[in-house]
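This is what each chain is made of:
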Amino acid sequence: MKGESSNPFTSFSKLFNPQLHFFNVLSYFLLFGCGLSIGVLLSFHVKNFSLDLHITQLSLTARSALPLAPPPPQPAQPFDPATETSHAGHSGLTEFLKTPDAMHNMSDKELLWRASLTPRIPQYPFHRVPKVAFLFLTKGPVFLAPLWEKFFKGHEGLYSIYVHSNPSFNLSEPKDSMFYGRRIPSKEVAWGNVNMIEAERRLLANALLDFSNQRFVLLSEACIPLFNFSTVYSYLINSSQSFVESYDLEGPVGRGRYSRRMRPQVKLDQWRKGAQWFEMDRDIAIEVVSDQIYFPVFQKYCRGACYADEHYLPTFVSMKFGEKNSNRTLTWVDWSKGGPHPAKFTRNEVTIEFLERLRSRSQCKYKTNMCHLFARKFSPDALYRLLQFAPKVMQFHE
């Protein structure tokens, strides 16, 4: 019996051992499964991190290969004239004052707009030598150019030359001529037509682009100077008046050309007549190219037998600047033979006595010490004798 009897605890252990073994194995499997899962998860995250890192590196490499974007523009600094002139050697003012070439590509609208710009401060911030602008309205070449070159010689910097010729004229002046490169963009001009005023405004506008031009003289290819340059320059620069012929004339060639359709801008008692060939100062020239009230009226209603070139400026200047105008012209012409055109002088008519007579006050109807500075009309064949007599009569070399 003693051998058969056993300890209850021992019996319980024997009974429980298989179950404990089973739980141990199950625990091992659970631990292994957890470890495996954790390993898989860690491996997946490590791969993703490596892939992200690789992509980031590639992105950075690609970005470094591309050109860098330009930095944002700096805000513009306000223009300071003092700084501009002190640090740039007056380059800003120099660029502003730079006169374009005579042959430019501006339209009439652009040209007149630019020419109408004028400083409100009368004192110039630079040394300004006033010049006289000589405006030649021609059909073709200035065939008396050799005479004018003798007139201009030695006075560079005191004059400017502008030539408006027919656009069909395409011959060029010699490079050593003072008229070389002085032709401006032009349009067709017909005698007595309003487009002749357009040409005059075009000449004035081009000359106004040079701030040094103070006086403006309209001439033709048939005009000559009667005095030397010094005399002409001194007379014009020191004059307080302009010289636009303007008078009231009864009859068919005066008031008879007026159209009532010009009212109310231009009334009959304001209608004036005068010679086409003018001389004016800068202030009046600016007003002529800026006129958008009276000139359109002449464009519309002064046509045909109206002859706008004989009425627009005389009327406009009389209305706006009567106190500044002498109401006379500085260009002598001979109307004694009658007809629509003045007399033309050929070679045989050009003598020393004839030129002296034009220079004297005997031909003047005005109370002045000097009546005419220029004369017309002279034919091309008169050039030789004019060149022969000019040094003695007109004293070009003094």
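Structure shown above.
Everything in this summary refers to the structure shown in the same document.

What counts and what doesn't
Residues numbered from 1 in each chain as written. Predicted model: local features only at pLDDT ≥ 70, side-chain atom pairs only at ≥ 80, totals over all residues. Heavy atoms only, no water. Helix = DSSP H or I, 4+ residues; strand = E, 2+ residues; numbered from the N terminus. Buried < 20%, exposed > 50% of the residue type's maximum accessible area, 1.4 Å probe, protein only. Disulfide = S-S within 2.5 Å. Pairing = 2+ DSSP bridges. Axes fitted to C-alpha atoms, helices over the stretch in contact; angles between N-to-C directions. Contact = heavy atoms within 4.5 Å. Salt bridge = Lys/Arg side-chain N within 4 Å of Asp/Glu carboxyl O.

## Thoughts on the overall build of the protein
Broken down by element type, the protein carries 12 helices and seven strands. Here the protein holds 398 residues, and 40% of them are scored as buried.

## A look at the state of the cysteines
Within this structure, the stated rule accounts for one disulfide. There is a disulfide in this structure between Cys-302 and Cys-306, and the S-S distance comes to 1.9 Å. On the S-S bond that ties Cys-302 to Cys-306, the torsion sits near -90°, and the link is left-handed. Among the residues examined, Cys-302 registers a relative accessible area of 1% and is labelled buried.

## Some thoughts on the sheet that holds strand 1 (residues 131-137)
The four strands are arranged 2-1-3-5 in an open sheet whose pairing can be described as mixed. The open sheet has two free edges, formed respectively by strand 2 (159-164) and strand 5 (279-281), since each of these has just one partner strand. The mean inter-strand angle of the sheet, taken between neighbouring strand axes irrespective of direction, is 20°. As defined by bridge partners, strand 1 adjoins strand 2 across six bridges and the pair is classed as parallel. If you follow Phe-136 over to strand 2, its bridge partner there is Val-163. With respect to the sheet, helix 7 (residues 229-237) is in contact with strand 1, strand 2, strand 3 (213-220) and strand 5, its orientation differing from that of strand 1 by roughly 105°. Where helix 8 (residues 282-290) meets the sheet, its contacts fall on strand 3 and strand 5, and the angle it forms with strand 5 comes to roughly 100°.

## What about the pattern of salt bridges?
Scanning the model with the defined rule gives 10 salt bridges in all. Put simply, Asp-248 and Arg-255 hold a salt bridge, and the shortest N to O gap is 2.7 Å. Of the residues examined, Asp-248 reaches a relative accessible area of 36% and is grouped as partly exposed. On the basis of relative accessible area, Arg-255 is assigned to the partly exposed category, the value being 23%. The partner of Glu-310 in a salt bridge is Lys-273, with the nearest N and O atoms 3.3 Å apart. Highlighted residues: Glu-310 in the loop between helix 9 (295-301) and helix 10 (312-321) and Lys-273 in the loop between helix 7 and strand 5, separated in sequence by 37 residues. Across the pair, exposure class does not vary: Glu-310 and Lys-273 are buried alike. Within this structure, Asp-108, Lys-187 and Arg-202 form a network of salt bridges that share partners.

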